[in-house]
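In case you want the letters, here they are:
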Amino acid sequence: MQIILAIIIGTLFGFVLHRVGASNPQRIIDMLRLKDFHLMKAILFGIAVASSILFVGMSFGIIESSHLSVKASYWGVIIGGLILGLGWAIGAYCPGTGVAALGDGRKDAIFFVLGGFVGALIYMLVFSSVKSSGLLESILGGKSTLALTQSSYPALIHTMPGIAVALVIAIIFGLIAWLLPKSAS
Amino acid sequence: MTGQLNWFCGGIALGLVFVLAVWFVKPIGVSTQFVIFDGIVWSKISPGLIVEDPDSKSGYTSTNPYLDKSGGKYAKNIANPFNYSFIFVICIILGAFISALTKGPKASVEDRIAPAVWRNRFGGDPSKRYLAAFLGGALVLFGARLAGGCTSGHMMSGMMQTSVSGYLFAVAAFAVAVPTAIILYGRK
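Just so you know, these numbers come straight off a predicted model, no measurement behind them. For every chain, the first residue of its written sequence is number 1, and the numbers climb from 1 along that sequence. Chain A is the first chain written and ligand 1 is the first ligand written, with later ones labelled in order. It should be noted that, the model being predicted, local features are given only for residues of pLDDT at least 70 and side-chain atom pairs only at 80 or more, the latter also being counted only at that level, while totals for whole chains, interfaces and linings use all residues. Side-chain measures here rest on the full set of heavy atoms in the structure, leaving out hydrogens and waters.

Can you explain the side chain of B:Asn64? Please cite residues and give values.
Tracing the backbone shows B:Asn64 in the loop between β2 (60-62) and α3 (65-79). By the criterion applied in these results, polar contacts are pairs of N or O atoms within 3.5 Å in which, for protein atoms, one can donate a hydrogen and the other can accept it, and in which residues neighboring in sequence qualify only through two side-chain atoms. A distance of 3.0 Å separates a polar atom in the side chain of B:Asn64 from the backbone nitrogen of B:Leu67. Numbering of helices and strands runs from the N terminus; a helix is a DSSP stretch of H or I covering at least four residues, while a strand is a stretch of E covering at least two.

Here you go:
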């Protein structure tokens, strides 16, 4: 059953990434050089849609909060994000969109994915020294969220119902998506 | 539904896939599977990399500390590649392929080597673009593993759960990616 779900959701994900233009490096570069906000609008609106349905679904008991998986905050998240940002601008793919671009027949994506195997391998080899450097120690409450999630994750805003916090954030994301111009000169 | 979706329909489609994944299984993530693939290849070359160990939480241990972390959960997935997360990522290729076949946005032969903005800036020599894509891939996956997730896992899946780590990651990634892209490609 898990494998069938993997095939269905994985295929859908690849289909949508391609259809929304995320597997096109031109679109990524145009977003990052602040020229064409199509993808940025789609990403922000996508997060708003997903988050609203998730929190409404959880409050009605349709989506189990045990399915959540909140990642910890630590200095490596920020430093890793900075390094990823550099590679993102140079390669113009992310892990997911690079894999999707393989299905689009893009040859540069083959090199991106091969580079990805090397980058991941280097991390595997240096992991012990990264760990002993303390970069992986939790900050900001570790696996924390802004909104309460009915699970054991600590929430930074715990005086209000999680659904209210999540919906306000979703509305802000949706508004930014709506108000961002399609393109800048 | 032909060509590229507009941001509104594209955003809804993207959001639905992410919520569907959490509803039925777990949040979407991709970058871990690069490690799993490496591990599969590595353990073919040196079979002692992953061994069964009933004392470990996952039932497997590895001589590599990264694969051995969290009770050997990566080691377990390398020993059993036919698992949800790995098949999920393989099927992304299939999904994009189906979209391209069914009137999705079309990429020209030149676009499949390098995007137009790259060709205008750095010329049509494919090897330059391939080298940049390779270097970019190495940086992206090293960064993603240090951060514990990528654009899918941290940015989309993370922020939809209002994870603090998702916002940290997104701000950091864009803070470098935007100026780098403007320096590399200009704004014309």
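Could you give an account of the nonpolar core, with specific residues and numbers?
The tendency in soluble globular proteins is for nonpolar side chains to be buried as a group. Throughout this description, the term nonpolar core refers to a set of buried Ala, Val, Leu, Ile, Met, Phe, Trp, Tyr and Cys residues connected via side-chain atoms within 4.5 Å. A simple rule labels every residue: compare its accessible area, found with a 1.4 Å probe on the protein chains alone, to the largest value its type can have, and call it buried under 20%, exposed over 50%, or partly exposed in between. A:Phe13, A:Leu32, A:Leu54, A:Trp88, B:Phe88 and B:Ile92 are the most contacted members of the largest nonpolar core, which has 117 residues in total. Here the element with the most residues in this core is helix α3 (residues 38-59) of chain A; it accounts for 13 residues. Residues count as neighbours in contact if any of their non-hydrogen atoms are within 4.5 Å of one another. Not counting residues within four places of it along the chain, the set of residues in contact with A:Leu54 comprises A:Ile63, A:Leu68, B:Val19, B:Val22, B:Met160 and B:Gln161.

I'd like a rundown of helix α5 (residues 95-103) of chain A, residues and numbers included.
With eight of nine residues buried, α5(A) is to be regarded as a mostly interior element. When we look at burial in α5(A), the residues that qualify are A:Pro95, A:Gly96, A:Thr97, A:Gly98, A:Val99, A:Ala100, A:Ala101 and A:Gly103. Where α5(A) is buried, its residues contact α1 (2-19) and α6 (107-132) of chain A together with α2 (32-45), α4 (84-101), α6 (126-147) and α7 (151-160) of chain B. Phi turns positive, to about 75°, at A:Gly105, one or two residues after α5(A).

Now, about the confidence of the model for chain B: what can you tell me, with residues and values included?
Think of pLDDT as the predictor's per-residue confidence, scored from 0 to 100. Summary statistics for chain B give a mean pLDDT of 95 and a share of 99% for residues scoring 70 or more. Across the assembled chains, the prediction reports ipTM 0.96 with pTM 0.95.

How would you summarise the packing of aromatic side chains if you had to cite specific residues and measurements?
Pairing of aromatic rings covers Phe, Tyr and Trp, the last through its six-membered ring, and needs centres within 6.5 Å; plane angles under 30 degrees mean stacked, over 60 mean edge-to-face, and all others mean tilted. Throughout the structure, instances matching the rule amount to 22 aromatic pairs over all chains. With a centroid separation of 5.0 Å and 90° between ring planes, the pair formed by A:Tyr123 and B:Tyr66 is classed as edge-to-face. Taken together, the positions of A:Tyr123 in helix α6 and B:Tyr66 in helix α3 put the pair across two chains. Like A:Tyr123, the residue B:Tyr66 is buried in the burial classification. Ring centres of A:Trp178 and B:Trp7 lie 5.9 Å apart, and the angle between their planes is 90°; on these two criteria the pair is classed as edge-to-face. Separated into two different chains, A:Trp178 in helix α7 (residues 162-179) and B:Trp7 in helix α1 (residues 7-24) make up a pair that spans both. Look at A:Trp178 and you get exposed, because its relative accessible area is 56%. Residue classification places B:Trp7 among the buried residues on the basis of a relative accessible area of 10%. Aromatic rings pair up to connect A:Tyr123, A:Phe127, B:Tyr66, B:Tyr74 and B:Phe142 into one cluster.

How would you summarise the interface of chain B and chain A if you had to cite specific residues and measurements?
Counting from both sides, the interface comprises 118 residues of chain B and, opposite them, 116 residues of chain A. Accessible area that two parts lose when put together, with a 1.4 Å probe and added across both, is what the buried area reports. Both faces considered, chain B and chain A share a buried interface measuring about 10,500 Å² in area, 75% of it formed by carbon and sulfur atoms. A per-residue breakdown of the area chain B buries against chain A is headed by B:Trp7, B:Leu146 and B:Arg187, which together make up 8% of the total. Basic side-chain nitrogens of Lys or Arg form a salt bridge, by our definition, when they fall within 4 Å of a carboxyl oxygen of Asp or Glu. Our count for the chain B to chain A interface comes out at one salt bridge. Residue A:Asp108 pairs with B:Arg129 through a salt bridge whose shortest N-O separation is 2.9 Å. Applying the counting rule to chain B against chain A returns 37 residue pairs in polar contact (both at pLDDT 80 or more).

Tell me about the packing of helix α4 (residues 75-91) of chain A against helix α8 (residues 164-185) of chain B, and name the residues and values.
Between α4(A) and α8(B), the least distance of the axes is 7 Å, while the angle of their chain directions is 30°. The element α4(A) and its partner α8(B) pack so that their crossing is right-handed. For the pair α4(A) and α8(B), the contacting residues are A:Val77, A:Ile78, A:Gly81, A:Leu82, A:Leu84, A:Gly85, A:Leu86, A:Trp88, A:Ala89 and A:Ile90 in the first and B:Ser165, B:Leu168, B:Phe169, B:Ala172, B:Ala173, B:Phe174, B:Val176, B:Ala177, B:Thr180, B:Ala181, B:Leu184 and B:Tyr185 in the second. In this count, Pro and Cys sit with the nonpolar residues alongside Ala, Val, Leu, Ile, Met, Phe, Trp and Tyr, while Asp, Glu, Lys and Arg are called charged and the others, Gly among them, polar. A class-by-class count of the residues in the contact of α4(A) with α8(B) yields 18 nonpolar, four polar and no charged. Fitted lines through C-alpha atoms give the axes, limited to the stretch in contact for helices. The angle between two N-to-C directions lies from 0 to 180 degrees. Should the near helix be turned anticlockwise from the far one by less than a right angle, the crossing is left-handed, and should it be turned clockwise, the crossing is right-handed.

With reference to specific residues and values, describe α1(A).
An α-helix turns once every 3.6 residues. As a result, residues three or four positions apart point the same way. Residues and elements named next belong to chain A. Given a helix with a known number of residues, its expected span is that number minus one, times 1.5 Å. Along its 18 residues, α1 runs 25 Å from first to last C-alpha, staying within 8% of the 26 Å computed at 1.5 Å per residue. Among the 18 residues that make up α1, 13 are buried, leaving the element largely enclosed by the rest of the structure. Looking one or two places after α1, you find Gly-21, whose phi comes out positive at around 90°.

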